[in-house]
Amino acid sequence: MIRVNDQNNVKTHVPSVMEDPSATLIAKVYSKALLASIQESDKDSVLEEFSEFLDIAITQNPAFGRMLISKSLNKDEQLGLIDRVLAPNASELLTNFLRVLAKHERLDLLQQIFTQITKLRDSETGKKAVLVRTAFELSEDTLNRIRQRLEETLGFSPVINTSIDQSVIGGLVIQVDDTVYDGSLRTRLKQLGGRLSNRSIHEIQSGRDRFSHPEGN
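Residues numbered from 1 in each chain as written. Predicted model: local features only at pLDDT ≥ 70, side-chain atom pairs only at ≥ 80, totals over all residues. Heavy atoms only, no water.

Visitor: Teacher, can you tell me more about the overall build of the protein here?
Guide: Helix and strand counts for the protein come out as eight helices and four strands. Counting from the amino terminus, the protein carries its helices and strands in the arrangement α-α-α-α-α-α-β-α-β-β-β-α. Here the protein holds 217 residues, and 33% of them are scored as buried. Summed over all atoms, the accessible surface of the protein reaches about 13,900 Å², with 50% contributed by carbon and sulfur. (Helix = DSSP H or I, 4+ residues; strand = E, 2+ residues; numbered from the N terminus. Buried < 20%, exposed > 50% of the residue type's maximum accessible area, 1.4 Å probe, protein only. Areas by Shrake-Rupley, 256 points an atom, 1.4 Å probe, with all protein chains shown as cover.)

Visitor: Sorry if this is basic, but what is going on with the pairing of strand 4 (residues 179-182) here?
Guide: Looking down a regular strand, the side chains alternate between one sheet face and the other. Pairing between strand 3 (residues 173-176) and strand 4: four bridges, direction antiparallel. Bridge assignment links Ile174 to a residue of strand 4, and that residue is Tyr181. Connecting strand 3 to the next strand, strand 4, in antiparallel fashion are two residues, including Asp177 with a positive phi near 55°. (Pairing = 2+ DSSP bridges.)

Visitor: Hey, could you run me through helix 4 (residues 75-86) in this one?
Guide: Think of an α-helix as 3.6 residues a turn; residues three or four steps apart then line up on the same face. With twelve residues, helix 4 ought to run about 16 Å at 1.5 Å a step, and its terminal C-alpha atoms sit 15 Å apart, in line with that. The residue sitting at the N-terminus of helix 4 and contributing the capping side-chain oxygen is Asn74; that oxygen lies 3.1 Å from the backbone nitrogen of Asp76. (Expected span 1.5 Å × (residues − 1). Polar contact = N/O pair within 3.5 Å; in protein donor to acceptor, adjacent residues only side chain to side chain.)

Visitor: For this particular structure, what's the right way to read the side chain of Gln116?
Guide: Among the structural elements, Gln116 can be located in helix 6 (residues 110-124). Residues within four places of Gln116 in sequence aside, it is in contact with Thr24, Ala27, Lys28 and Ser31. (Contact = heavy atoms within 4.5 Å.)

Visitor: So what exactly am I meant to see when it comes to the pattern of salt bridges here?
Guide: Pairing is possible between side chains of opposite charge, provided their charged atoms come close. Taken as a whole and judged by the stated rule, the model has eight salt bridges. A salt bridge links Arg121 to Glu40, with the nearest nitrogen and oxygen atoms 2.8 Å apart. Of the two residues, Arg121 sits in helix 6 while Glu40 sits in the loop between helix 1 (23-36) and helix 2 (43-59), which places them 81 residues apart along the sequence. A salt bridge links Asp44 to Arg121, with the shortest nitrogen-to-oxygen separation between them at 3.1 Å. Remark: Arg121 occurs in helix 6 and Asp44 occurs in helix 2; sequence separation between them is 77 residues. Via salt bridges that share partners, Glu40, Lys43, Asp44, Arg121 and Glu124 belong to a single interconnected network. (Salt bridge = Lys/Arg side-chain N within 4 Å of Asp/Glu carboxyl O.)

Visitor: Quick question: what am I supposed to make of the nonpolar core here?
Guide: Nonpolar side chains in soluble globular proteins tend to be buried together. In terms of nonpolar packing, the biggest core is built from 36 residues, with Phe50, Phe53, Leu68, Leu107, Leu110 and Ile113 touching the most fellow members. Listed by contribution, the elements that provide at least two residues to this core are helix 1, helix 2, helix 3 (62-69), helix 4, helix 5 (92-103) and helix 6. Looking at which element gives the most residues to this core, the answer is helix 2, with seven residues. Discounting residues that sit within four places of it in the chain, Leu68 has contacts with Phe53, Gln78, Leu81, Ile82, Leu86, Leu107 and Leu110. (Core = buried A, V, L, I, M, F, W, Y, C linked by side-chain atoms within 4.5 Å.)

Visitor: I keep staring at the environment of Val100 and nothing clicks. Help me out?
Guide: Here Val100 shows up in helix 5. Judged by relative accessible area, Val100 falls into the partly exposed class, the value being 36%. Remark: the alpha-carbon pair of Val100 and Leu79, spanning 21 residues in sequence, is separated by 9.2 Å.

Visitor: Explain the pairing of strand 2 (residues 157-164) to me, please; I cannot follow it from the model alone.
Guide: Relative to strand 2, strand 1 (residues 127-134) runs parallel, the two being bridged by eight bridges. Residue pairing across strands places Lys128 opposite Pro158, the latter belonging to strand 2. For the handedness criterion, the β-α-β arrangement of strand 1, helix 7 (residues 140-154) and strand 2 is classed as right-handed. (Right-handed = clockwise from strand over helix to strand, strands pointing away.)

Spatial relationships are all this shows, so hold off on functional conclusions.
Next comes the structure, spelled out in structure tokens:
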């Protein structure tokens with residue numbers, strides 16, 4: 001269990017790495033390097049520890065999280081913080097990985113790195129993250145049916161994440177990587193409207209053609 005008990009009053013600013021288009025690519029590099037350094041039998045336990053670290057050290061203790069990844073701390077200060085607070089409570093592997101990130105000023109990518117590691121690990125084990133958006137919460141039974149249908153149709157074990165989206169009217173929207181399967185009522189009505197509009201245009205054009213070319217001419 002990681003315990004956080006070293007929070008000083010420092011002026012911090014957490015930069016938004018989401019604004020940096022290269023952040024995801026850099027996070028992937030570190031993710032692949034970390035995953036490659038772990039034995040297969042230890043990968044799941046290391047990911048669990050990484051997740052626990054993010055939850056306790058950053059989510060539950062945001063002041064400490066801001067301090068850890070703050071650009072107002074230099075590398076030596078960040079390394080000292082890791083050695084003083086995290087090293088006694090974390091594995092040597094995770095501690096060393098955090099030290100590497102600190103030395104290269106990449107601690108602000110922690111969340112993105114974990115996201116990329118999770119995706120890589122899911123890929124290794126034949127899993128893939130799937131986002132399901134609906135206007136209301138789905139029952140566990142419904143989610144199980146969706147999971148089974150996706151597995152049968154797409155050929156992988158889906159890890160389903162749900163999201164409530166009031167703009168989805170009826171049905172649901174499923175996203176796998178960059179592909180979106182939109183089965184919402186709003187989209188079906190839009191598609192129907194498009195088909196009706198195209199049919200009307202065709203009928204009008206056909207009528208114009210008949211008027212332009214009277215029979216017998």
